[in-house]
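So you can see what is in the structure, the chains are spelled out below.
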Amino acid sequence: MSDHVVSGDVTGSAKSVRSTAGYAEAADALAVQYEQVTFEAVHRDVLHLLPPLPARILDVGAGTGRDAAALAARGHRVVAAEPTAELRAHGQRIHGVRTVDWVDDALPDLPLHRHPGRFDAVFATAVWMHLDEQERRVGMARIASLLVPGGRFFVNLRHGPVPAGRRMFDVSAAETVLLGRAYGLRAVHRGERTDLHGRDGVRWSRLVFESA
């Protein structure tokens, strides 16, 4: 994520800005911020939708591994895909290298060469709004292909002001539900919440999809 700020789906030079712009530079501060809230607090309203143990779970854009480590502690087998090396390093320092399988990988293509096969659940927390319209289409198709029948896709979608240096798009929950439906994913949960860090104007949509 570079110093170019994007607030909507646009064409031209903004399209070339990487979805990870700004995260390497802010990794030290973000590592503190991410770990200030718990997995249970962030996902409280959808914990009942987690797959039964022991499930195979993919955490896309895992950041410092807060969610991945919490899922592993519950007994799941977790792959944490994080493209920013600085955040991966913080995650391995904070949570250890044996709790989850860390990979340098990202949406929309998400090849996962080292971890083939399907997953019982995929998490994308504060990730989806970094993808432009075409990337979201490719990404949703890829997620659908990675889920077992009955597998679930957990999406936490940010709305509000774009932090300086980040690349984000104005992506609605309604649009995301329609896109998921186009790839055979049915919305089984839809909710809204305020920002757990108390940031002005920031709110979140929580969506859970289920594969046919």
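Note that the structure is a prediction, hence the values are computed from the model and not measured. (Residues numbered from 1 in each chain as written. Predicted model: local features only at pLDDT ≥ 70, side-chain atom pairs only at ≥ 80, totals over all residues. Heavy atoms only, no water.)

Visitor: Sorry if this is basic, but what is going on with the overall build of the protein chain here?
Guide: Counting its regular elements, the protein chain contains 6 helices and 7 strands. Overall, the protein chain shows an N-to-C arrangement of helices and strands of α-α-β-α-β-α-β-β-α-β-α-β-β. A buried classification covers 53% of the 212 residues belonging to the protein chain. Counted over contacts in the protein chain with a minimum sequence separation of 6, partners at least 24 positions apart contribute 70%. Counting only carbon and sulfur atoms, one obtains 52% of the accessible surface of the protein chain, whose full area is about 9500 Å². (Helix = DSSP H or I, 4+ residues; strand = E, 2+ residues; numbered from the N terminus. Buried < 20%, exposed > 50% of the residue type's maximum accessible area, 1.4 Å probe, protein only. Contact = heavy atoms within 4.5 Å. Areas by Shrake-Rupley, 256 points an atom, 1.4 Å probe, with all protein chains shown as cover.)

Visitor: Teacher, can you tell me more about the nonpolar core here?
Guide: With 32 residues, the main nonpolar core has Leu-58, Leu-110, Trp-128 and Phe-153 as its most contacted residues. Among the elements of the structure, β1 (56–60), β2 (77–81), β4 (119–125), α5 (133–146), β5 (147–159), α6 (173–182) and β7 (203–211) are those that each provide at least two residues to this core. When neighbours within four sequence positions are excluded, Phe-153 is seen to be in contact with Val-122, Ala-124, Trp-128, Met-140, Ile-143, Leu-147, Leu-185, Leu-207, Val-208 and Phe-209. Residues Leu-50, Ala-55, Ala-72 and Val-100 belong to the second largest nonpolar core, which totals 19 residues. (Core = buried A, V, L, I, M, F, W, Y, C linked by side-chain atoms within 4.5 Å.)

Visitor: What should I look at first to understand the pattern of salt bridges in this one?
Guide: Opposite charge on two side chains lets them pair, provided their charged atoms get close. This model, assessed by the stated rule, comprises 11 salt bridges. Between Arg-167 and Asp-132 there is a salt bridge whose closest N-O contact spans 3.3 Å. Here the residue Arg-167 occupies a position in the loop between β5 and α6, and Asp-132 occupies one in the loop between β4 and α5, the gap between them amounting to 35 residues. The same class applies to Arg-167 and to Asp-132, which are both buried. Note that Arg-137 and Glu-133 form a salt bridge whose closest N and O atoms lie 3.5 Å from each other. Note that Arg-137 and Glu-133 are positioned in helix α5 at a spacing of 4 residues, about one turn of the helix. For Arg-137, a relative accessible area of 33% corresponds to the partly exposed category. One connected set of salt bridges, linked through shared partners, spans Asp-132, Glu-135 and Arg-167. (Salt bridge = Lys/Arg side-chain N within 4 Å of Asp/Glu carboxyl O.)

Visitor: Looking at this model, I keep getting lost on the packing of α5 against α6. Mind explaining?
Guide: Two elements in contact, α5 and α6, have axes separated by 9 Å at closest approach and are oriented at 50°. Looking at the two axes, α5 sits oblique to α6. Crossing handedness for the pair α5 and α6: right-handed. Along the contact surface, α5 presents Arg-136, Arg-137 and Met-140, while α6 presents Glu-175, Thr-176, Leu-179 and Gly-180. Grouping the amino acids of the contact of α5 with α6 by side-chain chemistry returns 2 nonpolar, 2 polar and 3 charged. (Axes fitted to C-alpha atoms, helices over the stretch in contact; angles between N-to-C directions. Parallel < 35°, antiparallel > 145°, perpendicular 65-115°, else oblique. Left-handed = near helix turned anticlockwise from the far one by under 90°. Nonpolar A, V, L, I, M, F, W, Y, C, P; charged D, E, K, R; others polar.)

Visitor: Teacher, can you tell me more about helix α4 (residues 85–95) here?
Guide: Because an α-helix completes one turn every 3.6 residues, residues spaced three or four positions apart along the sequence face the same direction. Within the span of α4, buried status applies to Leu-87, Arg-88, His-90 and Gly-91. Take α4 and look down its axis: the buried residues cluster within an arc of 160°, on one side only. Following α4 by one or two positions, Gly-96 has its phi on the positive side, about 90°. (Arc of directions from axis to C-beta.)

Visitor: Help me out: how do you make sense of unusual backbone geometry in this one?
Guide: With the exception of glycine, the majority of residues adopt a negative phi angle, and the majority of peptide bonds are in the trans configuration. A cis amide bond links Leu-53 to the next residue, Pro-54, at an omega of -10°. Along the chain, Pro-54 turns up in the loop between α2 (39–42) and β1. Note the cis peptide between Leu-107 and Pro-108, where omega equals 15°. Mapped onto the elements, Pro-108 comes out in the loop between β3 (101–103) and β4. In this model, Leu-112 sits at a positive phi of 50°, which is unusual for a non-glycine residue.

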